[in-house]
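Each chain, letter by letter, is given below.
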Amino acid sequence: MMRLFFLFGILGSMILLGALYVAKAETDAAQARLATLQAELAQERARINTLTANIAHLEDPEQLRALARTHLGFEPVQPAQELSLAELAQVRAEAERMAPQAPQTAQAAWQASPPGVRGRP
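Quick caveat: nothing in here was measured; it's all calculated off a predicted structure.

(A) How the structure looks around the overall build of the protein. Along the backbone of the protein there are four helices and zero strands. Mapped from its N terminus to its C terminus, the protein presents α and β elements in the order α-α-α-α. For the protein, the proportion of its 121 residues judged to be buried stands at 1%. Just so you have it, the protein exposes about 11300 Å², and 65% of that area is on carbon and sulfur atoms.

(B) Summary view of a nonpolar patch on the surface. Together, Met1, Leu4, Leu7, Phe8, Leu11 and Ile15 make up a nonpolar patch on the protein surface, roughly 710 Å² of accessible area in all. Counting through the fold element by element, Leu7 comes out in helix α1 (residues 2–58).

(C) Representation of the pattern of salt bridges. Scanning the model with the defined rule gives six salt bridges in all. The partner of Arg69 in a salt bridge is Glu75, with the nearest N and O atoms 3.6 Å apart. What makes Arg69 partly exposed here is its relative accessible area of 37%. Residue class for Glu75 comes out exposed when judged on its relative accessible area of 56%. In this structure, Arg97 and Glu94 form a salt bridge, with 2.4 Å as the shortest nitrogen-oxygen distance. Of this pair, Arg97 and Glu94 both sit in helix α3 (residues 85–98), separated by three residues, roughly a single helical turn. What makes Glu94 partly exposed here is its relative accessible area of 36%.

(D) Spatial organisation of the environment of Leu64. Relative to the helices and strands, Leu64 is located in helix α2 (residues 61–72). Overall, the relative accessible area of 44% leaves Leu64 in the partly exposed class.

(E) Seen up close, α2. If you check α2, its first and last C-alpha atoms are 15 Å apart, about what twelve residues at 1.5 Å a residue would give, namely 16 Å. Among the residues trailing α2, Gly73 stands out with phi positive, at a value near 75°.

(F) Main features of the environment of Gln81. With respect to the helices and strands, the residue Gln81 is situated in the loop between α2 and α3. On the basis of relative accessible area, Gln81 is assigned to the exposed category, the value being 54%. Here Gln78 takes part through its backbone nitrogen, which lies 2.8 Å from a polar atom of the side chain of Gln81.

Rules of the game
- Residues numbered from 1 in each chain as written.
- Predicted model: local features only at pLDDT ≥ 70, side-chain atom pairs only at ≥ 80, totals over all residues.
- Heavy atoms only, no water.
- Helix = DSSP H or I, 4+ residues; strand = E, 2+ residues; numbered from the N terminus.
- Buried < 20%, exposed > 50% of the residue type's maximum accessible area, 1.4 Å probe, protein only.
- Areas by Shrake-Rupley, 256 points an atom, 1.4 Å probe, with all protein chains shown as cover.
- Patch = residues over 30% accessible without salt bridge, like charges linked within 9 Å, V, L, I, M, F, W, Y side chains within 5 Å.
- Salt bridge = Lys/Arg side-chain N within 4 Å of Asp/Glu carboxyl O.
- Expected span 1.5 Å × (residues − 1).
- Polar contact = N/O pair within 3.5 Å; in protein donor to acceptor, adjacent residues only side chain to side chain.

In structure tokens, the structure reads:
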């Protein structure tokens with residue numbers, strides 16, 4: 001009877017030892033995976049910081065002004081180009097006075113032309 005008890009004890013210990021070995025192997029694999037993920041996360045954070053710095057540089061007003069001058073030919077507005085409120089009212093009145101003379105779309109121009117002339121250049 002004692003031998004049977006001793007045999008089951010040894011067999012149970014072997015099973016527990018095998019389970020412990022499997023658990024340790026899975027833990028090591030999980031830790032290796034965690035280390036890999038942490039390294040990837042650090043790389044992505046560094047990439048995000050680089051992109052954030054690039055965005056800050058591209059959004060810099062001086063950088064935008066230089067690009068607008070170089071590629072678009074834009075220049076800052078001169079004081080002589082600005083209108084006062086009275087001048088603005090005159091420009092609006094002039095635009096409203098000119099509006100009925102010119103059709104607003106190509107379709108409106110086509111419809112306004114005489115039927116015999118439609119379709120000819």
